[in-house]
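Listed below, chain by chain, are the residues.
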Amino acid sequence: MDWTGRRVFVTGHTGFKGGWLALWLHRLGAEVTGFALPPPTTPSLFDAARVGDVVRHIEGDIRDLPTLQAAMSEARPDVVFHLAAQPLVRLSYDEPVETYATNVMGTVHTLEAARRAGSVTAFVCITTDKCYENREWVWPYRESDPMGGHDPYSSSKGAAELVVAAYRRSFFERDGIGLASVRAGNVIGGGDWAADRLVPDLVRAFEMGVAPAIRAPDAVRPWQHVLEALGGYLMIAERLLAKDAGFPDAWNFGPADDDARPVSWIVDRMRAAWGGDAAAPVAFGGAVPHEAGLLRLDCSKARAMLGWRPALPLGEALEWIVDWHRRTAAGEDARAVTLEQLADYSARSGIGITPA
């Protein structure tokens, strides 16, 4: 699909994942309006890659419905990608009210603003693999499995999924708006400086020359490069814009079954990619709230209906992250490095090829 001139509204474009998406959409020729709070970290991909230079940047809070509604009505988007969230499990224990207000009511507000804008054809709501009621079993979760969540973050995302399903049936189907929710695995990539995430914690430790503290070395997660997830989101948006039947629904995007790895494997591969100055990890000494030990996603629906499949094996994805941080730390332009990796991924996957 040609995205040239397509009006796109992205919430959360100042975040790590939203920044990558905004740059990809701009590269494809879309006219992007971003609505978000200031970048959540310093440094940030938003600042380093100068994302604000290529989008219409609006600073705002999705908990503020009137401001969000006014911004979306003015932008008159064809497509909405809703990424704004409180995205951290451990922070949700400290800030449960903020987590629910942002992830549940913020989603309600964004859906409400979109249905009242009068221009939206497609809406892609980004949630998480942690929305499922995790029974710690070996079978991967399918889109039809129950929502749940032990911690405030996970349960808030499960609740957001229920909100999306209700809005789809109550309003969006009637109004002819395609509404999909997408559930990606543990997304990683260059330019992520979030706290309490494994890969950013490793990068920080290696850059400082200190030993990274590892909380749960045996925990298995569906790790995947950010471009794997975003490529799936773009494919879904294109099918929603085409009004193809069966696509306003929930979708999983995760790694191949044999590429869901434990924390210890990630640490070993990151150390090897970083080189000899990467310190060996140590056991985390503080209190650790509950986090799932095993989580896998069944992505057979996306493979069968979309033709989507992972294009970047996890080991190579980790090398891309090390390359991104090594090069930008050495003074290379962060946007140029990001766009180079984006072009490499597009060529490999066939997703989001820039129009000639």
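Thresholds applied
Within each chain, residue numbers correspond to sequence positions counted from 1 in written order. This being a predicted model, a pLDDT of at least 70 is required before a residue's local features are given, and a value of 80 or more before pairs of side-chain atoms are given or counted; all residues contribute to the totals for chains, interfaces and linings. Side-chain measures were taken over the full set of non-hydrogen atoms in the model, leaving aside hydrogen atoms and water. Each helix is a run of H or I in the DSSP string that is no shorter than four residues. Each strand is a run of E no shorter than two, and both are numbered from the N terminus. We compute the radius of gyration from the C-alpha atoms alone; for a globule the expected value is 2.2 Å times N to the 0.38, where N is the number of residues. Buried, partly exposed and exposed residues are distinguished by accessible area as a fraction of the type maximum, computed with a 1.4 Å probe on protein chains only: under 20%, between the cut-offs, and over 50%, respectively. The contact criterion used is simple: two residues touch if any of their non-hydrogen atoms lie within 4.5 Å. Method for areas: the Shrake-Rupley scheme with a 1.4 Å probe, in which residue coverage is limited to the protein chains shown. Neither His nor the chain ends contribute to the count of charged residues, in which Lys and Arg are positive and Asp and Glu negative. Just so you know, the charge point we use is NZ for Lys, CZ for Arg, CG for Asp and CD for Glu. Note on aromatic pairs: the rings of Phe, Tyr and Trp (six-membered ring only in Trp) are paired at centre separations within 6.5 Å, and the planes decide the class, stacked below 30 degrees, edge-to-face beyond 60, tilted for the rest. Remark: nonpolar core denotes a set of buried residues (Ala, Val, Leu, Ile, Met, Phe, Trp, Tyr, Cys) joined through side-chain atoms within 4.5 Å. Pairing between two strands is assigned when DSSP locates at least 2 bridges connecting them. Axes here mean lines fitted to C-alpha atoms, for a helix over just the part in contact, with angles spanning 0 to 180 degrees between N-to-C directions. Take the number of residues in a helix, subtract one, and multiply by 1.5 Å to get its expected span. Throughout, a disulfide means two cysteine sulfur atoms within 2.5 Å of one another. Pairs of N or O atoms within 3.5 Å make up the polar contacts considered here, provided that, within protein, one atom can donate a hydrogen while the other can accept it, and that residues adjacent in sequence are counted only when both atoms are side-chain atoms. Using only the protein atoms, space was sampled on a 1 Å grid; points where a 1.4 Å probe fits but cannot get out form cavities, open sets with protein on both sides within 12 Å along at least five of seven lines form pockets, and lining residues are those with an atom within 4 Å of a point. Grid points are joined across faces, edges and corners, and a volume is the space filled by probe spheres set on the points. For this classification, Asp, Glu, Lys and Arg are treated as charged, while Ala, Val, Leu, Ile, Met, Phe, Trp, Tyr, Cys and Pro are nonpolar and the rest, including Gly, are polar. Salt bridges, as used here, are contacts in which a Lys or Arg side-chain nitrogen is within 4 Å of a carboxyl oxygen on Asp or Glu.

**Q** What am I meant to see in the overall build of the protein here?
**A** The secondary structure content of the protein amounts to 12 helices and 13 strands. Computed over the C-alpha atoms, the radius of gyration of the protein is 19 Å, within 12% of the 21 Å expected from 2.2 N^0.38 for a compact globule of 356 residues. A principal-axis box enclosing the C-alpha atoms of the protein has dimensions of 55 × 45 × 40 Å. When each of the 356 residues of the protein is scored for burial, the buried share is 56%. Considering only residue pairs separated by 6 or more positions, the protein has 81% of its internal contacts joining residues 24 or more positions apart. Entry remark: accessible area of the protein is about 13,900 Å², with carbon and sulfur atoms responsible for 52%. Here the protein carries 36 positive and 45 negative side-chain charges, and the mean point of each set is 4 Å from the other.

**Q** It is not clear to me how the packing of aromatic side chains should be interpreted in this structure. Could you clarify?
**A** To describe a pair of aromatic rings, one takes the distance between the centres and the angle between the planes. Taken as a whole, this structure holds 12 aromatic pairs when the rule is applied. Centroid distance Phe206 to Trp274: 5.6 Å. Interplanar angle 45°. Geometry classified as tilted. Placement of the pair is Phe206 in helix α7 (residues 198-208) and Trp274 in helix α9 (residues 263-274), with a sequence separation of 68 residues. Accessibility expressed as a relative area gives 2% for Phe206, which makes it buried. Counting every residue linked through ring pairs, the aromatic cluster contains Phe123, Tyr167, Phe171 and Phe172.

**Q** Got a minute to help me understand the nonpolar core in this structure?
**A** Grouped burial of nonpolar side chains is what soluble globular proteins tend to show. Trp3, Leu25, Phe81, Tyr233 and Ile236 are the most contacted members of the largest nonpolar core, which totals 63 residues. Looking at this core, the element that brings in the most residues is helix α8 (residues 226-241), giving 11 residues. Ranked by size, the runner-up nonpolar core spans 25 residues in total, among them Ala84, Val120, Phe123 and Leu179.

**Q** Where do I start with the sheet that holds strand β5 (residues 122-126) in this structure?
**A** For sheets, the rule is that strands pair by backbone hydrogen bonds, running either parallel or antiparallel. Taken together, the seven strands give an open sheet; going across it, the order is β3-β2-β1-β4-β5-β6-β11, and neighbouring strands pair in parallel fashion. Looking at the sheet topology across the chains shown, the edges are occupied by β3 (56-59) and β11 (250-253). Ignoring which end each strand starts from, the neighbouring axes of this sheet average 20° apart. Contacting β5, β6 (178-184) and β11, helix α6 (residues 152-175) crosses the sheet at an angle of about 165° to β6.

**Q** Would you mind showing me how to read unusual backbone geometry here?
**A** Negative phi characterises most residues that are not glycine, and trans characterises most peptide bonds. Looking along the chain, the bond that leaves Thr42 and enters Pro43 is cis, with omega of 5°. Here Pro43 shows up in the loop between β2 (31-36) and α2 (45-48). Here Arg50, not a glycine, exhibits a phi torsion of approximately 55°, which is positive. Residue placement: Arg50 occurs in the loop between α2 and β3. Classification of Arg50 as partly exposed rests on a relative accessible area of 31%. Unusually for a residue other than glycine, Lys243 sits at a positive phi of about 60°. Here Lys243 falls in the exposed class, since its relative accessible area comes to 56%.

**Q** Whenever I open this one, α8 confuses me. Can you help?
**A** Residues lying three or four places apart along an α-helix face the same way, a consequence of the helix completing one turn every 3.6 residues. If you check α8, its first and last C-alpha atoms are 23 Å apart, about what 16 residues at 1.5 Å a residue would give, namely 22 Å. With 14 of 16 residues buried, α8 lies mostly within the body of the structure. Looking one or two residues beyond α8, the residue adopting positive phi is Lys243, at roughly 60°.

**Q** How should the state of the cysteines be read in this particular structure?
**A** Two cysteines joined by a covalent bond between their sulfur atoms form a disulfide. Tallied over the entire structure, the rule returns zero disulfides. Cys299 takes part in no disulfide bond, and the closest cysteine sulfur to it belongs to Cys131, at a distance of 12 Å. Exposure remark for Cys299: the relative accessible area of 2% places this residue in the buried category.

**Q** Any chance you could explain the side chain of Ser346 here in plain terms?
**A** Along the chain, the position of Ser346 falls in helix α12 (residues 334-349). Given the relative accessible area of 5%, Ser346 is considered buried. Among the polar contacts listed, one links the side chain of Ser346 to the backbone oxygen of Ile351, at a separation of 3.0 Å. The residues touching Ser346, leaving out its near neighbours within four places in the chain, are Trp24, Ile351, Gly352 and Ile353.

**Q** I'm lost on empty space enclosed by the protein in this one. Help?
**A** Take a probe with the size of a water molecule and roll it over the atoms, and the empty space left behind shows itself. Counted by the stated rule, this structure contains two cavities of 30 Å³ or more. The calculated volume of the largest cavity comes to roughly 50 Å³. Residues belonging to the lining of the largest cavity are distributed by class as follows: six nonpolar, two polar and two charged. Taken as a whole, the second largest cavity holds about 40 Å³ of empty space.

**Q** I tried to follow the pattern of salt bridges on my own but got confused; where do I start?
**A** Should the charged atoms of two oppositely charged side chains come close, the side chains can pair. According to the stated counting rule, one finds 22 salt bridges in the structure shown. Across the pair Asp61 and Arg63 runs a salt bridge, and its minimum N-O distance is 2.8 Å. Between Arg261 and Asp259 there is a salt bridge; the shortest N-O distance is 3.5 Å. Using a relative accessible area of 26% as the deciding quantity, one classes Arg261 as partly exposed. It is possible to trace a salt-bridge network through shared partners that takes in Arg50, Asp53, Asp333 and Arg335.

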